[in-house]
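Each chain, letter by letter, is given below.
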Amino acid sequence: MSAPHQPVIYTASASGGKSAWVVDTVRAAAVGLRRTPLVVVATAQQAQVLRRRLGAAGGVLGVHTLTFDELFSVILRHAGVIHTELNGAVRHRLLRAAVDGLVASGEIGFYCALAARPGFIAVLEGLFFELKGANIRPARFAATLTTLGAPPRLSELAAIYTRYDALLAANSWTDRAGLGWLALDALATGIALPAWSPMIVDGFDSFTVVQRTAIAALARRVDEVTVLLTQPDRSHASAAYRLFDETIEHLAKQLATQPKPLPVVRAPATPLLRLGEALFGERDGAVETGAAVTMLAAADRSGEVRSALRWIKERLVVDGYKPSEVALLARSLAPYRDLVAQIAAEFGLPVHFADRLPLRQNPAVAALLDLLTLFLPDGAEGLPRLARRSLVEAWRSPYFNWRDGDPGPGLLAGDADRLDAVARRFQVIRGLAQWREAFALLAAQRADNADTEPNAVADCELAGRFERFVACMAPPVEASTLHDFAAWLEDRIGADAGLPADLDAPAVASFSLDIGGRLGGDAAQQQALRMRDMAALRAFKDVVRGLVWAETAVRVANGSAAPVDYVRFVGELAAAVDAASYELPLNPAEAVL
């Protein structure tokens, strides 16, 4: 490898030709396979778009397009550093074990009341992610707080951070944010790296401290490093663009170089480019956009989404655009996500969300968690909670098969309405004892009026089906580990209808909800919903298995694991699902972004 050149920072405005410059530079460098270009981008989606643009430009061989996390993994592989990256469920469980250990030893007092709350672990995960991204190691964090005489609300966070990182290090584990630490440590040892040249970093509006440090470390090892960053026109830049200036300033200081304008001739500004430059600037007056911008006013969010998707549908049908050539943007996608999915299915539009979907918001997963919550113990007797509204909804749910199968409850059409009528008649709120009392009173009334009550036999049979339902879904009393509860839950969920059957698997005689077999239908819209729910169900199973893996890992790390009851299992599962996400199995090249 030749002696490294001085790293270069090129700046240009948005849509100023940075990506086009990357394509041209990479193709020129890879001619004849003389060099191995490396392009580092912010997201996997950007990597896919760059590969598509390289293909459209004529194709090129030997180009590596990676995100920083992927780059860190490559560096560790070349350094021979053996590590295991933990998924979200395992990270959550390990952090829970660290907190529980500190509570048990009396090292946590300020957060003792919050320690058992699922949201507390989620907040800790976010905090530790930020600390690791800033390259603040636990020892430094704790020492700084000690020097400052920090109160318990801060010193206890340092104790949890230290215990969590010690568990990771002792078992050669890491989380996603910790990959950067390992990669920086490996680079500091002078490991042999692939002959990347040039290395180009593109598509970022900011860097973490770890990412900036990694760029600087690679600049000393790679003979040509170029970073492309966005810098608006300073003549009208406003405070909204301060982030871009700060990013350029910090990186320039880290690399000991000065930014330069991108050496390309920019194409004439289109109306949308002029609008983008002026939107957050300090220019006065209107921007002439002609027919490039159409503004619509909608009465509510549903009408807003419907109008936008109708416009997109028109572009596909009338103007001949491909789905991948149009996009739907929102300042925050969260309040629109379900509406977009529903209305896009009505219009027959395949959609691909840029971010992963929250697992908890999937209807199939939400229904399953609500069903599990029904059987949490209620009161001193420990009988199932069985709240009226949630129970009736579970009986009505299209995701559960309550009718087929000999071990099942064998519910009939209309049983959910009959159950709701019984609850209203005898004022059942929740609790197995209230339900049994209601059915006993109903049976007594029917016996007194057997000749005049045509539904007497049916009502008695409903009580029997209710008891079979309780028996089918009651958690196993002998279970004491996450593994036991996970095995029981997987049996209840049933086989994955989208995967080939395992002929060597032992037959399961217990009751199954057969969720996979209940998903979707033959129509195109139903098939889209089936794909969505199947992807979510598989992600849910991964979460359950991750909890089991984490329990085993904690047992290995601590020598033992605390026994788990059903309440703890549901709480751990719900918290892990809240932190998890899933991705729709759609090809982004064939869907509206």
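Right above here is the structure, for reference.
Residues numbered from 1 in each chain as written. Predicted model: local features only at pLDDT ≥ 70, side-chain atom pairs only at ≥ 80, totals over all residues. Heavy atoms only, no water.

(A) Geometry of empty space enclosed by the protein. Scanning the model with the defined rule gives 1 cavity of 30 Å³ or more in all. One number sums up the size of the largest cavity: a volume of about 40 Å³. H352, F353, D355, R356, L357, E583 and L584 are the residues that line the largest cavity. Each residue belonging to the lining of the largest cavity can be placed in one class, and the counts come to 3 nonpolar, 1 polar and 3 charged. (1 Å grid on protein atoms, 1.4 Å probe; cavity = no way out; pocket = protein on both sides within 12 Å on 5 of 7 lines; lining within 4 Å. Points joined across faces, edges and corners; volume = space filled by probe spheres on them. Nonpolar A, V, L, I, M, F, W, Y, C, P; charged D, E, K, R; others polar.)

(B) Main features of the sheet that holds strand β8 (residues 260-261). Strand order in the open sheet formed by 6 strands is β3-β2-β6-β7-β1-β8, with parallel pairing between adjacent strands. Of all the strands in the sheet, just β3 (64-67) and β8 have a single pairing partner and so form its edges. As judged from the 4 bridges shared by strand β6 (residues 196-204) and strand β7 (residues 225-230), these two strands associate in the parallel manner. Across the sheet, the residue bridging to F204 is L229, located in β7. Packed onto the sheet, helix α1 (residues 18-29) meets β1 (8-12), β2 (36-41), β6 and β7 and runs at close to 165 degrees relative to β6. This element, helix α10 (residues 242-255), spans β1 and β7 of the sheet and lies at about 160 degrees to β7. (Pairing = 2+ DSSP bridges. Helix = DSSP H or I, 4+ residues; strand = E, 2+ residues; numbered from the N terminus. Contact = heavy atoms within 4.5 Å. Axes fitted to C-alpha atoms, helices over the stretch in contact; angles between N-to-C directions.)

(C) Representation of helix α4 (residues 88-104) in the model. In this model, α4 (17 residues) spans 24 Å end to end at C-alpha, consistent with the 24 Å of a helix rising 1.5 Å per residue. Positive phi appears at G106, one or two residues downstream of α4, with a value of about 80 degrees. (Expected span 1.5 Å × (residues − 1).)

(D) Focus on the pairing of β6. Among the 9 residues in β6, 8 count as buried, and that is most of the element. Sheet topology note: the β2/β6 ladder contains 4 bridges and is parallel. Directly across from V39, in β6, lies its bridge partner I200. Viewed along the sheet, the connection from β6 through helix α9 (residues 209-219) into β7 turns out right-handed. (Buried < 20%, exposed > 50% of the residue type's maximum accessible area, 1.4 Å probe, protein only. Right-handed = clockwise from strand over helix to strand, strands pointing away.)

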